[in-house]
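Fold and geometry: a report
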Amino acid sequence: MDASAHRAFALLKSLAYERVSCSEAEKNAANRLLEEACAAGAQAHLEPFSVPCGRVRRAKLAVTEPYYKEYFATGYERAASTPPEGLDAEFFYAEDVLPAHLAQAKGKIALINGRLRRGDYEKLQKAGVAAILTFSGTLLDRESETDCDIRKLRETLTEPFGFAVALNLRAADAAEIVRRGAKTMHIELESECYEGESQNVCARIPGTDRAGEIVSFGAHYDSVYFSTGVYDNMAGSVILMELLRHFAAHPPRRTLLFNWYGSEEQGLLGSKAYVAAHEEELKDHVLMINLDVAAPTLGQNSAPVLGTEATVGYVDALMKELGIACKTTLDIYSSDCIPFADKGVPAVNLCRFGAPGANFIHDRRDSLKSRYIDERSLGITLQQALHLAERVANASVFPIERKISKEIREKVDKYLFKKPENEAE
């Protein structure tokens, strides 16, 4: 069976809906992918795993001095709740959380720039802030055309640094609050934590004479709130399905595993759960090929490699042989390749990034309605993936060394917040 961009794009259209971690929609998408994999002739099943989740029942934010105005805000999932009567405190714009800001932040409701990153969260918690505010979007957003992000305090923040009251608001409202000189605020947040269930879709095509060597393919199929995630990453998921169809019809020499990961957008939770559950088998994995973001009409092809310079050279040569321009680099990529590289399995990511102005991600514009992805462009990454997959699946001697360079190892450790051995507790 020949791989088909047309068939892949048709499957993408049928799965172009919001698929948030642990939702019924995510489960429905997983079951559809499972059905497709089984119909293609692969051995396939679901692997459930637990996800720390949060539910916000109520969120309120109001400036009380020197003026009174309520602003729309979303509470962070898994955040701490305020007392039932709410929290009243001074407002402070902490900008980029520098030492001079932190010295003034104790007991205040602190607004920061950008996303709530782990290092800033640690600083704010140690500074003793009463609550944390972030903002999303741009000052030019039309309220009727955009959404106020729903964010989450992941366990990588709460486990080492505890829970905080945290809310998110629109950039335009944040700017108004600062511009009008807000001095005091009243906020209310009712939030709870619970354990949800997500799932990976796992399929296997046994190898023939090199069955003991495993090549693993991955793509995540979940999306974020408000996004149908056709670019990020249903495009990668349907390309993966076409690879499975091809190899089901043309048995490979090596064993091939095809994994669609759930809850990637929550911190690579699906791939982390997979490597934890299959750690004994990982010694037989010789390569992981990951597909994450594809199909923008205007864009560029990229292949970050978590391995060695020799692997970069090999992938670069194959792309040139195919005749598709691709920027191949030795670097990490924030996707499901990371847990594999952490366990010593080299990984190649195949991505097609949208060009500036033609790239919508993690919001309602990542949608077929935006008309910025197309079947032809999806076919570019499909061709790349199939060419690379054919070569490594059927090589007489596996062409990629099972090795992670020191540079990549250090980047992976930093990404996963690992301490150097001399700093370990």
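Definitions and limits used
Residues numbered from 1 in each chain as written. Predicted model: local features only at pLDDT ≥ 70, side-chain atom pairs only at ≥ 80, totals over all residues. Heavy atoms only, no water. Helix = DSSP H or I, 4+ residues; strand = E, 2+ residues; numbered from the N terminus. Expected span 1.5 Å × (residues − 1). Buried < 20%, exposed > 50% of the residue type's maximum accessible area, 1.4 Å probe, protein only. Arc of directions from axis to C-beta. Salt bridge = Lys/Arg side-chain N within 4 Å of Asp/Glu carboxyl O. Phe/Tyr/Trp six-rings, centres within 6.5 Å; stacked < 30°, edge-to-face > 60°. Lys NZ or Arg CZ within 6 Å of the ring centre and 35° of its normal. 1 Å grid on protein atoms, 1.4 Å probe; cavity = no way out; pocket = protein on both sides within 12 Å on 5 of 7 lines; lining within 4 Å. Points joined across faces, edges and corners; volume = space filled by probe spheres on them. Nonpolar A, V, L, I, M, F, W, Y, C, P; charged D, E, K, R; others polar. Contact = heavy atoms within 4.5 Å. Core = buried A, V, L, I, M, F, W, Y, C linked by side-chain atoms within 4.5 Å. Patch = residues over 30% accessible without salt bridge, like charges linked within 9 Å, V, L, I, M, F, W, Y side chains within 5 Å. Areas by Shrake-Rupley, 256 points an atom, 1.4 Å probe, with all protein chains shown as cover. Lys, Arg positive; Asp, Glu negative; His and termini not counted. Charge placed at Lys NZ, Arg CZ, Asp CG, Glu CD. Axes fitted to C-alpha atoms, helices over the stretch in contact; angles between N-to-C directions. Parallel < 35°, antiparallel > 145°, perpendicular 65-115°, else oblique. Left-handed = near helix turned anticlockwise from the far one by under 90°. pLDDT = per-residue confidence, 0-100.

Between its terminal C-alpha atoms helix α9 (residues 309–322) stretches 20 Å, which fits the 20 Å expected from 14 residues at 1.5 Å a residue. Buried within α9 are the following residues: Thr311, Val312, Tyr314, Val315, Leu318 and Met319. Mapping the buried residues of α9 onto a view down its axis gives an arc of 165°, with all of them on the same face. Set apart from the buried face of α9 by more than 90 degrees, the exposed residues are Glu309, Ala310 and Lys320. Directly beyond the C-terminal end of α9, a positive phi value near 85° is found at Gly323.

Looking now at the pattern of salt bridges. In a structure, side chains of opposite charge can pair up when their charged atoms sit close to one another. Under the counting rule described, the total for this entry stands at 30 salt bridges. Here Arg32 makes a salt bridge to Glu36, at a shortest N to O gap of 3.1 Å. On the criterion of helical spacing, the pair formed by Arg32 and Glu36 is a turn pair, its members being 4 residues apart in helix α2 (residues 24–39). Residue Glu36 is classed as buried on the basis of its relative accessible area, which comes to 16%. A salt bridge links Lys343 to Glu279; the shortest N-O distance between them is 3.3 Å. Here the residue Lys343 occupies a position in the loop between α10 (337–342) and β14 (347–354), and Glu279 occupies one in the loop between α8 (269–277) and β11 (285–291), the gap between them amounting to 64 residues. What emerges from the salt-bridge pattern is a single network uniting Arg7, Arg32, Glu36, Glu242 and Arg245.

This brings us to the packing of aromatic side chains. Counted according to the given criterion, the structure contains 8 aromatic pairs. Considering the side-chain rings of Tyr225 and Phe226, the 6.3 Å spacing of their centres and the 50° angle between planes classify their relative orientation as tilted. On the accessibility criterion, Tyr225 (27% relative accessible area) is partly exposed. Taken together, the ring pairs connect Tyr231, Phe360 and Tyr372 into an aromatic cluster. In this structure, Lys108 is placed above the aromatic ring of Phe92, and the distance from its NZ or CZ to the ring centre is 5.3 Å. Positioned over the ring face of Phe417 is Arg118, at 4.3 Å from the centre of the ring.

The subject of this paragraph is the layout of surface pockets. To locate leftover empty space, one rolls a probe as large as a water molecule over the atoms. What the largest pocket holds in volume is close to 1,600 Å³. If you trace the largest pocket, you find 49 residues lining it, with Arg115, Arg154, Val224, Glu265 and His362 closest to the centre. When contributions to the lining of the largest pocket are tallied by element, the ones reaching two or more residues are α5 (155–161), α8 and α12 (406–415). If one sorts the elements of the lining of the largest pocket by residue count, α5 sits on top with 3 residues. Of the residues that constitute the lining of the largest pocket, the class distribution is 17 nonpolar, 11 polar and 21 charged. Its volume calculated, the second largest pocket comes out at about 180 Å³. Taken together, 14 residues make up the lining of the second largest pocket; nearest its centre are Ser21, Gly54, Glu77, Tyr194 and Tyr225. Considering every element that reaches the lining of the second largest pocket, the biggest residue donor is strand β1 (residues 43–65), with 5 residues.

For the rest of this paragraph, the subject is α2. For α2, spanning 16 residues, the distance from its first C-alpha to its last is 22 Å, which sits close to the expected 22 Å at 1.5 Å a residue. Along α2, the residues that are buried comprise Glu26, Ala29, Ala30, Leu33, Leu34, Glu36 and Ala37. Down the axis of α2, the sector holding all buried residues measures 165°, keeping them to one side. Away from its buried face by more than 90 degrees, α2 exposes Glu24, Glu35 and Ala39. Contacts made by the buried residues of α2 are with α1 (5–14), β1, β8 (184–205), α7 (230–249) and β10 (254–261).

Right, let's talk about the nonpolar core for a bit. Formed by 85 residues in total, the largest nonpolar core has its most connected members in Phe258, Trp260 and Leu378. Element by element, the count of residues in this core is highest for α7, at 11 residues. Contact partners of Leu378, with chain neighbours within four places excluded, come to Ala5, Ala8, Phe9, Leu12, Ala235, Val238, Ile239 and Ala295. Counting residues in hydrophobic clusters, the runner-up holds 39 residues, among them Leu61, Ala89, Tyr121 and Leu124.

For the rest of this paragraph, the subject is the environment of Leu287. Along the polypeptide, Leu287 turns up in strand β11. As a C-alpha pair, Leu287 and Val345 span 58 residues in sequence and 5.8 Å in three-dimensional space. In this structure Leu287 touches Ile214, Val215, Ser216, Val345, Pro346, Ala347, Val348, Val392, Phe398 and Ile400, once residues within four positions along its chain are discounted.

Okay, a positive patch on the surface next. Residues Arg115, Arg117, Arg154 and Lys272 make up a contiguous surface patch of positive charge. Looking at where Arg117 falls in the secondary structure, it is placed in the loop between β5 (109–112) and α4 (118–127). The exposure class assigned to Arg117 is exposed, which follows from its relative accessible area of 56%.

Look at α9 against helix α11 (residues 375–394): their axes get within 10 Å of each other, and the N-to-C directions meet at 120°. Between α9 and α11, the angle is such that the two are oblique. In the packing of α9 onto α11, the handedness of the crossing is right-handed. Together, Tyr314, Leu318, Met319, Glu321 and Leu322 of α9 and Gln383, Gln384, His387, Leu388, Arg391 and Val392 of α11 make up the contact between the two elements.

Parts of the prediction with low pLDDT should not have their coordinates interpreted in detail. Per-residue confidence for the protein gives a mean pLDDT of 97, with 98% of residues at or over 70. A low-confidence stretch, residues 421–425 (pLDDT under 50), is modelled with 2 contacts involving residues beyond four sequence positions or located in other chains.

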